[in-house]
Amino acid sequence: MASSSESAAGLEGSESSIPSVQALMIKNPDKLTVPQCFLRADQEPPNFSNGGAHHFPSIPVPTIDLECLLSEEDTNSQLDNLRAICKEWGIFQLVNHGIGSSLLEKLKHDMVEFYKLPIEEKMRYQRKPGDAEGYGSVAGSDGILDWGDRKTLESYVQELQKLSMELLGAMGKALKMDAKEMEEMFEDGRQSVRMAYYPPCPTPGQVMGLAPHSDASGITILHQVNGVDGLEIKKDGVWIPAHILPDALLVNVGDILEIMSNGVYRSVEHRATVNSVKERISIAFFVSPKFDAQVGPATSLISPENPPLFIRVGMEEFVKTFFSHKLNGKSYLECMKIDNSRGS
């Protein structure tokens, strides 16, 4: 889940020498040799939940039931649970989220058809390539909006806009944060969509679908469109394959929400792995503050007993600086800490 469609490295671009893995698969699926640029010797090998040299059992990511969270019954218990998960995991899967299965199925159909387009046509929608961050193809929201039934993605995004504000409101309430601060930061804020396609890989242990990183967002909402797992999260220093329930949405804390919570919530470091036999299709929705906002600990949480742990910068500077760096775990968030900040 790279932090924005603007940051993603599109590997189908016509202006790069980086080859299209999907095109290579189509031409010679039985004798594909993974291009050298996708080999990640610098990364810890994936822990495959479906067997392999580095087998590691997948574990269910903690689950939040949105209906229960927003109900008036047992509110304090639900909020305490949400706070604990955001603090200890930084990620949860959301069930009973209110997005209909028919819309999710239509979205799946449109995205599968999009990635079946001829390479030449699909290249028009891909992000321009930069450094190869992973093995896959990436498109921004403009791709599928310009192709197929644009109402499908528009309807999905509208649902997520409403859902994200409900979630942020509950996450702020669980912190005992001033509700107006959360609303003012994210209402009419920046939103982006990133669609990703990871083709089957004959040597999954040698490549990485997407390099380890945390998201430069408030929250990110991920949908595994075709139900194929591939996400790994770093928990207590160990990479763990995450198993996601069918039709559940995955919500993760981004760097901005860790900063706003003054370190109570933790953004999760994660990466995408690839499958030896199945393609994986996902769509991520990133929710961030408006461009003229100030990113820093929420003032309603700061006191002499709880001093700020992070510096305060403009959102525009935050985004510009983040995307000038290569994806590298949570290294940028470390630079925002007061003890490690530039000149602080």
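This structure is a prediction, so every number in the text was calculated from the model and none was measured.

Asks: Give a description of the overall build of the chain that names residues and reports values.
Replies: Of regular secondary structure, the chain possesses 11 helices and 14 strands. Across the 344 residues of the chain, 54% fall into the buried class. In the chain, 81% of the contacts between residues at least 6 apart in sequence involve partners at least 24 apart. In the structure as shown, the chain presents an accessible area of about 15,200 Å², 48% of it carried by carbon and sulfur atoms.

Asks: If you had to explain the packing of aromatic side chains to someone new, which residues and values would you point to?
Replies: Scanning the model with the defined rule gives two aromatic pairs in all. With a centroid separation of 4.9 Å and an interplanar angle of 80°, the aromatic rings of Phe114 and Tyr115 are classed as edge-to-face. One exposure class covers both Phe114 and Tyr115, and it is buried. Relative to Tyr197, the ring of Tyr115 lies with its centre 5.0 Å away and its plane at 25°, an arrangement referred to as stacked. Taken together, the residues Tyr115 in the loop between helix H4 (101-114) and helix H5 (119-122) and Tyr197 in strand S5 (residues 190-198) connect sequence positions 82 residues apart. Overall, the relative accessible area of 3% leaves Tyr115 in the buried class. Each member of the aromatic cluster is reached from another via a ring pair, and the members are Phe114, Tyr115 and Tyr197. The cationic tip of Lys235 hangs over the ring face of Trp89; the distance from NZ or CZ to the ring centre is 4.9 Å. One cation-aromatic arrangement involves Arg271 over Trp239; the distance from NZ or CZ to the ring centre is 4.4 Å.

Asks: Could you give an account of helix H3 (residues 75-88), naming the residues involved and the relevant values?
Replies: When the terminal C-alpha atoms of H3 are compared, their 20 Å separation across 14 residues agrees well with the 20 Å that a helix rising 1.5 Å per residue should span. Along H3, the residues classified as buried are Gln78, Leu79, Leu82, Ile85 and Cys86. The buried residues of H3 occupy an angular sector of 125° when projected down its axis, which confines them to one face. Of the exposed residues in H3, those oriented more than 90 degrees away from the buried face are Asn76 and Glu88. Elements in contact with the buried residues of H3: strand S2 (63-65), helix H2 (66-70), strand S3 (91-95), helix H7 (150-174) and strand S10 (249-253). Gly90 lies just past H3 and shows a positive phi near 75°.

Asks: Just give me the short version of the packing of H7 against helix H8 (residues 179-186), but keep the residues and values in it.
Replies: Packing of H7 against H8 brings their axes to within 9 Å, and their N-to-C directions diverge by 145°. As for how H7 packs across H8, the hand of that crossing is right-handed. Packed against H7, whose contacting residues are Met165, Leu168 and Gly172, the element H8 presents Met182, Glu183 and Phe186 at the interface. Of the residues in the contact of H7 with H8, the class split is four nonpolar, one polar and one charged.

Asks: Go over the pairing of S10 with me, naming the residues and quoting the values.
Replies: Among the five residues of S10, five are classified as buried, and the element is accordingly described as predominantly covered. In S10, alternate side chains face the same way, and those of Leu249, Val251 and Val253 on one face and Leu250 and Asn252 on the other are all buried. Where S3 lies against S10, four bridges are found, and the strand directions are antiparallel. Across the sheet, the residue bridging to Leu94 is Leu249, located in S10. Bridge count between strand S7 (residues 219-224) and S10: four bridges; the pairing is antiparallel. From the neighbouring strand, Ile219 faces S10, where its bridge partner is Val253.

Asks: I'd like a rundown of the side chain of Ser164, residues and numbers included.
Replies: Assignment of secondary structure puts Ser164 in helix H7. Each residue touching Ser164, except ones within four places of it in the same chain, is listed here: Ile219, Ile221, Phe285 and Val287.

Asks: Tell me about the nonpolar core, residues and numbers included.
Replies: Phe92, Tyr156, Leu167, Met171 and Phe318 are the most contacted members of the largest nonpolar core, which totals 66 residues. Looking at this core, the element that brings in the most residues is H7, giving 10 residues. In this structure Met171 touches Leu82, Cys86, Phe92, Ile219, Val253, Leu257 and Tyr265, once residues within four positions along its chain are discounted.

Asks: I'd love a proper account of the pattern of salt bridges, names of residues and values included.
Replies: Tallying each qualifying case throughout the model produces seven salt bridges. One salt bridge connects Asp110 with Lys106, and the closest N-O pair in it is separated by 3.1 Å. Here Lys106 and Asp110 lie together in helix H4, a separation of four residues that amounts to about one turn. Where Lys116 meets Glu113, a salt bridge forms, and the shortest distance between an N and an O atom there is 3.6 Å. For Lys116, a relative accessible area of 59% corresponds to the exposed category. Judged by its relative accessible area of 29%, Glu113 falls in the partly exposed class. Among the ionic contacts, a cluster of salt bridges with common partners joins Glu258, Arg266 and Lys330.

Asks: Account for the packing of H3 against H7, with residues named and values stated.
Replies: Following both chains from N to C, one finds H3 and H7 inclined at 90°, their axes separated by 9 Å at the closest point. In terms of orientation, H3 and H7 fall into the roughly perpendicular class. Across from Thr75, Leu79, Leu82, Arg83 and Cys86 in H3, the residues of H7 making contact are Ala170, Met171, Lys173 and Ala174. Its residues assigned to classes, the contact of H3 with H7 comprises six nonpolar, one polar and two charged.

What counts as what
Residues numbered from 1 in each chain as written. Predicted model: local features only at pLDDT ≥ 70, side-chain atom pairs only at ≥ 80, totals over all residues. Heavy atoms only, no water. Helix = DSSP H or I, 4+ residues; strand = E, 2+ residues; numbered from the N terminus. Buried < 20%, exposed > 50% of the residue type's maximum accessible area, 1.4 Å probe, protein only. Contact = heavy atoms within 4.5 Å. Areas by Shrake-Rupley, 256 points an atom, 1.4 Å probe, with all protein chains shown as cover. Phe/Tyr/Trp six-rings, centres within 6.5 Å; stacked < 30°, edge-to-face > 60°. Lys NZ or Arg CZ within 6 Å of the ring centre and 35° of its normal. Expected span 1.5 Å × (residues − 1). Arc of directions from axis to C-beta. Axes fitted to C-alpha atoms, helices over the stretch in contact; angles between N-to-C directions. Left-handed = near helix turned anticlockwise from the far one by under 90°. Nonpolar A, V, L, I, M, F, W, Y, C, P; charged D, E, K, R; others polar. Pairing = 2+ DSSP bridges. Core = buried A, V, L, I, M, F, W, Y, C linked by side-chain atoms within 4.5 Å. Salt bridge = Lys/Arg side-chain N within 4 Å of Asp/Glu carboxyl O. Parallel < 35°, antiparallel > 145°, perpendicular 65-115°, else oblique.

Keep in mind that these numbers describe shape and distance, not what the molecule does.
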